[in-house]
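# Per-entry structural report
What follows is the residue order along each chain.
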Amino acid sequence: MARAQLEFDQLLTDPFGTARRARQTGWLADVFDGSVAVLTHERVRELLSDGRLHANFKEFLHAFGVSAGPFYEWMVISPLNRDGTDHLRWRALMSRTFTPRRVEGLRPFLRTAAHALIDPFAARGACEFMAEFADAYPSLGLCELIGVPAEDRDRFRDWANTIGLGFSPLSLAPRIAEIDAALTQLLAYTGALAARRRLDPRDDLVTRVAQAADEEGGWTEGEIQGAIAGLVFAGHETTKNQLGWMVATLADRPDVWDAVAGGRLAAADVVEEVLRHRSAVTGVGRTVSAPLEHAGERLDAGTRVFLSAWSADHDEAAFPRPDEIAPAENGAVPHLAFGHGAHFCLGAALARAELQEALAARTARLGCPAVGDGATWKPPMGINGPETLPITFAARP
């Protein structure tokens, strides 16, 4: 079958247009680095559930010149890099502690935290949204759920921000020393916190993870530390960027913003549509472990595959208005911002609750924002979103 060829500069400057044109040729495209990209919603969803495609962060790190050190070692044993029974074992442990009921119980805290962050800048009519809201908000909810003392939460946020550089291909190698140092400190802290919770149990996630791991047996201290640290990073970095995307996207849609404020549109529906339209995670990489044939294409063992969430969630064959914010029209088909299959995001319920409470608070307190000059963006690969997002707005009476 014919395949489009995706070049680096095209993906960097026009990712959505490039993917749209490539989809007209077929569901699979060749990529400049020798990998292939899966582009359509149907095929991305199918292959995310195919057991012959395995996570392989080791190969990703090698490709960018990282082959040793704390970050490398953490990623190699990370649940994100596990498949099959090993991955299911980790999910079973976390599912015992990271429950939807506990997330729902966190909503009053999230609501209060959102309003507390808005208070200092509401009357000012302007803020740098990433620094003054998006960077602080996810770690507050996550640390409350995990059980991190209030006095340590700023450190957690700083560590998570630095570790997040490891998931951007352009910043990974140049800043690996900083990433390694932040991860080393985070792992030491989570290990000490788990040890304290064994001696002094609390009603928090660290206590439940430590107790469940001890009851089940077979878990090393390194795995427990790494699992808790992974939640800290994943729950902060992705949601921070998604909060930025939500403001930047809705700044062009005052009708949607005001409809949420007036109760004519549910915040939950708008959150889902923004997740589809601009997810913080651009896609996921996999490696073919055994030869496979799928929808007229053959992929040999060892082929590196990029499953593009951005392309899939803008697929005109799946969504009636793919390039627009249209919650009613596009909402019938599930988006892939949280993935699909065995690796579906474990923290999706928390991320949704945070995004919904943040949107409800902002639309209630502030008029639709305008993005000012000076907004800067991460490259459109890996985890993506605004670096800086200056906005202006009118405070609501």
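In the block above lies the structure referred to throughout.
Residues numbered from 1 in each chain as written. Predicted model: local features only at pLDDT ≥ 70, side-chain atom pairs only at ≥ 80, totals over all residues. Heavy atoms only, no water.

### Thoughts on the overall build of the chain
How we decide: Strands here are runs of E lasting at least two residues and helices are runs of H or I lasting at least four, both read from the DSSP assignment and numbered beginning at the N terminus. This radius of gyration counts C-alpha atoms alone. The globule rule is 2.2 Å times how many residues there are, raised to the power 0.38. Think of it in three bands: with a 1.4 Å probe and only protein chains considered, a residue is buried below 20% of the maximum accessible area for its type, exposed above 50%, and partly exposed in between. For the area figures, the Shrake-Rupley method with a 1.4 Å probe applies, and any residue is considered shielded solely by the protein chains shown. By the counting rule applied here, Lys and Arg register as positive and Asp and Glu as negative, while His and the ends of each chain are not counted. Charge placement uses NZ in Lys and CZ in Arg. For Asp and Glu, CG and CD serve respectively.
Looking only at helices and strands, the chain has 19 helices and 13 strands in total. Taking 397 residues into account, the globule formula puts the C-alpha radius of gyration at 21 Å, and the chain, at 21 Å, falls close to it. Based on the C-alpha atoms only, the size of the chain along its principal axes is roughly 60 × 55 × 40 Å. In the chain, which comprises 397 residues, the share counted as buried stands at 54%. For the chain, the accessible surface area stands at approximately 16,200 Å², while carbon and sulfur atoms represent 55% of it. Both charge centroids of the chain, one from 40 positive and one from 52 negative side chains, sit 3 Å from each other.

### Describing unusual backbone geometry
Its identity is not glycine, yet Ala295 carries a phi of approximately 50°, on the positive side. Inspection of the secondary structure puts Ala295 in the loop between β7 (292-294) and β8 (297-299). Relative accessible area serves as the criterion here: at 31%, Ala295 is assigned to the partly exposed category.

### Here's the deal with the pairing of strand β2 (residues 28-31)
This is how it is decided: At least two DSSP bridges between two strands are required for those strands to pair.
Relative to β2, strand β1 (residues 4-6) runs parallel, the two sharing 3 bridges. By the bridge assignment for β2, Ala4 is matched with Ala29. Direction of pairing for β2 relative to strand β3 (residues 36-38): antiparallel, over a ladder of 3 bridges. Bridge pairing in β3 places Ala29 opposite Ala37. Two successive antiparallel strands, β2 and β3, enclose a turn made up of 4 residues, where Gly34 displays a positive phi of approximately 95°.

### Here we look at empty space enclosed by the protein
In plain terms, the rule: Buriedness for pockets is judged along seven lines, at least five of which must meet protein on both sides within 12 Å for an open set on the 1 Å grid over protein atoms alone, while cavities are sets there where a 1.4 Å probe fits but cannot get out, and lining residues have an atom within 4 Å of a point. Grid points are joined across faces, edges and corners, and a volume is the space filled by probe spheres set on the points.
Under the definition given, this model contains 2 cavities of 30 Å³ or more. In this model, the largest cavity occupies a volume close to 60 Å³. Residue lining of the largest cavity: Trp74, Ile77, Ser78, Pro79, Arg82, Trp90, Trp219, Glu223, Gly226 and Ala227, and that is the complete set. Among the elements of the structure, α5 (70-77) and α14 (221-250) are those that each provide at least two residues to the lining of the largest cavity. Top contributing element to the lining of the largest cavity by residue count: α14, with 3 residues.

### What to know about the sheet that holds β2
Counted only if it meets this: It only takes one pair of heavy atoms within 4.5 Å for two residues to be counted as in contact. All axes are obtained by fitting lines to C-alpha atoms, using only the stretch in contact for helices, and the reported angles, taken between N-to-C directions, cover 0 to 180 degrees.
Spatial ordering of the open sheet is given by β1-β2-β3-β9-β6-β4, a layout of 6 strands whose pairing is mixed. In this open sheet, the two strands that pair with only one neighbour each are β1 and β4 (53-54). Strands in contact with helix α3 (residues 41-48) are β3, β4, β6 (283-288) and β9 (304-308); relative to β9, the strand with the most contacts, it is inclined by about 125°.

### Focus on the sheet that holds strand β10 (residues 370-371)
One open sheet accounts for 3 strands, arranged β5-β13-β10; its pairing is antiparallel. With partners counted over all chains shown, the strands left at the sheet margins are β5 (126-128) and β10, one partner each. Relative to strand β13 (residues 390-392), β5 runs antiparallel, the two sharing 3 bridges. Bridge pairing links Cys127 to Ile391 in β13.

### Quick word on the layout of surface pockets
The condition that has to hold: Side-chain classes follow a simple rule in which Ala, Val, Leu, Ile, Met, Phe, Trp, Tyr, Cys and Pro form the nonpolar group, Asp, Glu, Lys and Arg form the charged group, and the remainder, Gly included, forms the polar group.
Roughly 330 Å³ of volume is contained in the second largest pocket. Leu165, Glu237, Lys240, Lys378 and Glu387 are the residues nearest the centre of the second largest pocket, which is lined by 19 residues in total. The class makeup of the residues in the lining of the second largest pocket is 7 nonpolar, 5 polar and 7 charged.

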